[in-house]
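Below are the chains, spelled out letter by letter.
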Amino acid sequence: MNGRLPAPRQVVVIGGGIAGLATAWYAAQDGHRVTLIDRGGPEGDRCSLGNAGMIVPSHIVPLASPGSVKTGLLSLANPRSPLRVPARFDPEYLRWCWQFLRAATASRVALAAPALRDLALLSRRGYEALTLLWPQGVPLAEHGLLMLARTAHGLREELDAAKLAQRLGLAVEILDRDAAAALEPHLDLTIVGAVRYPLDAHSVPQRVVATLIAGLAEAGVELHWNTEVTGLRRSGSRVAAVATAAGEIGGEEFVIAGGMWSAALARDIDLPLPLLSGKGYSFTLAAPRVLPHAGAILTEARIAVTPMGKALRFAGTMELCGLDRSIDQRRVAAMIDAIPRYYPQFGPADFAGITPWAGLRPCSPDGLPYIGRTRRADNLLVATGHAMMGFSLAPATGRVISDLIAGREPPVPINLYSPDRYG
Ligand SMILES: Cc1cc2nc3c(=O)[nH]c(=O)nc-3n(C[C@H](O)[C@H](O)[C@H](O)COP(=O)(O)OP(=O)(O)OC[C@H]3O[C@@H](n4cnc5c(N)ncnc54)[C@H](O)[C@@H]3O)c2cc1C
């Protein structure tokens, strides 16, 4: 898959979310002996299961952007705001916010956008390859993504983002209301216009996760479920083993892919890996009254809408918090209130009895993932911090990490993703 195979090594991946699974898969394809460790079971809940399943080369603006600062500040007074930055006086949280503010500039976005484009396009190709291998388990709905705008202001913001995408060579279609409606003949749409990204796609995260787990088992990867890594043991400049309640697990290369919990693991080797949770919710209608053809984002409400077979998932909201997965019903209600403003066929009764799911997106202050080796130990790599793009960017993350393990040059520039950038 990746050209000439490197000398086989013992690779230990910590974390069985989409980032860890994809990393283990690519490393196994390189012929390494791979061990994957997760504190939960194979079906245990994690951020990678309930997300919106969008694979989005169009998402080239990181969370840390001037627009997010504005929305975040407004949210201080509004607990129902799609992006919520609560006032908290915890030093770690305040440091993260300060780092976020420093990164959220137009010039940083201009630097990050082409890098994210390259990583996302690599990942899109990765999903195509996984789909060829497992068409049932990695269904790739290549119907594009519709950014639906209900207000002139929302549309203007989308058009600005579309211009940036166009400048970077991505395919973009600007649609008036009727042109957007023609693409979704079964849906009534209350919108003023839309932007369509034809290259975007979507899948079903829980199927992708289950398929990767089955694929890893078949490829001979040693899977340690219900096993928590409690620490990393050093030997000189290297990590020698990870500690678990069942004893140590040794290896030659170690990858931290623990999502929001990665910061605690990194602390063990004095690697500062600032992360805050971006808590979000989703709920899935098993039999919706109408089913869109393409995935969509209700832009002003920041709600993602993804058809998954016959089901329809709505996902959204981002609340910066710690490791707290409790559900704030006010924020779920705000999502339910917003949906009929775009899709008038839906009403509150459609959502009666839903079971909201909560996930913690691992968010770095500059909105960019941590992918790469760290100077803190010769044989330690990091694959986390993807915020709202972790599902989309997983195959590229796995590919880049396995290239680094093999000593190959990754196919895209990765300097912006260095795990040492806050060290
Ligand atoms: C509402 C919502 C919608 C989203 N929609 C999208 C979308 O459409 N497209 C997209 O690209 N992204 C989306 N995301 C973001 C995406 O879900 C995340 O970026 C991604 O799932 C993160 O994957 P991960 O593997 O890094 O973390 P996780 O899935 O959280 O996995 C981390 C794993 O590490 C394990 N772990 C941690 N510490 C230890 C330890 N010490 N020992 C053993 N195991 C450990 C945990 O048990 C867990 O299983 C969405 C997120 C949310 C919340």
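Going by the structure above, here's the rest.
Sequence positions are assigned chain by chain, starting from 1 and proceeding in written order. Two thresholds apply to this predicted model, a pLDDT of at least 70 for residue-level local features and 80 or more for giving and counting side-chain atom pairs, whereas whole-chain, interface and lining totals are computed over all residues. No hydrogens and no water enter the side-chain calculation; it runs on all heavy atoms of the structure.

Caption draft 1: Representation of the overall build of the chain. Starting at the N terminus, helices and strands are each numbered in turn, a helix being any DSSP run of H or I of at least four residues and a strand any DSSP run of E of at least two. Per the secondary structure count, the chain includes 10 helices and 20 strands. Projecting the C-alpha coordinates of the chain onto the three principal axes gives extents of approximately 60 × 50 × 45 Å. Only protein chains enter the accessibility calculation, which uses a 1.4 Å probe; a residue is then buried when its area is under 20% of its type maximum, exposed when over 50%, and partly exposed in between. Counting the 423 residues in the chain, one finds 61% classified as buried. Pairs of residues are marked as contacts when any of their non-hydrogen atoms sit within 4.5 Å. Pairs at least 24 apart in sequence give 76% of the contacts found in the chain among residues at least 6 apart. Two residue types count as positive, namely Lys and Arg, and two as negative, namely Asp and Glu; His and chain ends fall outside the count. Just so you know, the charge point we use is NZ for Lys, CZ for Arg, CG for Asp and CD for Glu. For the chain, the centre of its 42 positive side-chain charges and the centre of its 37 negative side-chain charges are spaced 3 Å apart.

Caption draft 2: View of helix α7 (residues 205-218). Helix span, expected: 1.5 Å multiplied by one less than the number of residues in the helix. The end-to-end C-alpha distance of α7, which contains 14 residues, comes to 20 Å, matching closely the 20 Å that a straight helix rising 1.5 Å per residue would cover. Of all the residues in α7, the buried ones are P205, V208, V209, T211, L212, I213, G215 and L216. On its buried face, α7 sits against α1 (18-29), β2 (33-37), α4 (106-133), β9 (222-224), β16 (303-308) and β17 (311-321). Directly beyond the C-terminal end of α7, a positive phi value near 85° is found at G220.

Caption draft 3: Structural context of the pairing of β17. Of all 11 residues in β17, 11 are buried; the element is thus mostly enclosed. Summarising the sheet, strand β4 (residues 83-84) and β17 pair through 2 bridges and their orientation is parallel. Opposite R84, over in β17, you have E319 as the bridge partner. Here, a strand pair is defined by DSSP locating no fewer than two bridges between the strands. The pairing of strand β14 (residues 276-285) with β17 spans 8 bridges and is classified as antiparallel. Following the sheet pairing, F283 is matched in β17 by F314.

Caption draft 4: Just the sheet that holds strand β1 (residues 10-14), in detail. On the basis of which strands lie adjacent, the open sheet formed by 6 strands has the order β9-β2-β1-β13-β20-β19 and mixed pairing. Edge positions in the sheet fall to β9 and β19 (370-373), since each of these pairs with one other strand and no more. Each neighbouring strand pair of the sheet contributes to a mean axis angle of 15°, computed without reference to strand direction. Pairing analysis gives 5 bridges linking β1 to β2, with the strands arranged parallel. Bridge pairing in β2 links V12 to T35. Axis definition: a line fit to C-alpha positions, over the contact stretch in the case of helices; interaxial angles, taken between N-to-C directions, run 0 to 180 degrees. Contacts from α1 reach β1, β2, β13 (253-256) and β20 (380-384), with the element oriented near 170° to β2.

Caption draft 5: Region of the structure containing the site of the ligand. Whether a residue is near a molecule or strand depends on its heavy atoms: it is near if one of them lies within 4 Å of it. The full set close to the ligand counts 36 residues, and D38, R46, S48, A387 and S392 are the nearest of them. Here a polar contact means two N or O atoms within 3.5 Å. Within protein one must be a hydrogen donor candidate and the other an acceptor candidate, and residues neighboring in sequence count only if both atoms are side-chain atoms. D38 places a side-chain nitrogen or oxygen 2.6 Å from an oxygen atom of the ligand. Within the backbone of A387, an N or O atom sits 2.7 Å from an oxygen atom of the ligand. Note on areas: these come from Shrake-Rupley sampling with a 1.4 Å probe, and a residue is covered only by the protein chains present in the view. Protein chains shield 97% of the accessible area of the ligand, which is 1000 Å² for the free molecule. A per-element tally of the shell around the ligand places strand β18 (residues 357-363) first, with 4 residues. Of the residues in the shell around the ligand, the class split is 18 nonpolar, 13 polar and 5 charged. Charged residues are taken to be Asp, Glu, Lys and Arg, nonpolar residues to be Ala, Val, Leu, Ile, Met, Phe, Trp, Tyr, Cys and Pro, and polar residues to be all remaining types, Gly included.

Caption draft 6: Representation of the pattern of salt bridges. Salt bridge criterion: a side-chain nitrogen from Lys or Arg within 4 Å of a carboxyl oxygen from Asp or Glu. Enumeration according to the criterion identifies 24 salt bridges in this entry. In this structure, R408 and D30 form a salt bridge, with 2.8 Å as the shortest nitrogen-oxygen distance. Note that R408 is positioned in the segment after α10 (394-406) and D30 in the loop between α1 and β2, a separation of 378 residues in sequence. D30 matches R408 in its accessibility class, with the two residues each being buried. Between D350 and R289 there is a salt bridge, with the nearest N and O atoms lying 2.8 Å from each other. Within this pair, whereas D350 is found in the loop between α9 (329-342) and β18, its partner R289 is found in the loop between β14 and β15 (295-298), the two being separated by 61 residues in sequence. Given the relative accessible area of 19%, D350 is considered buried. Here the salt bridges do not stand alone but share partners, grouping D30, R399, D403 and R408 into one network.

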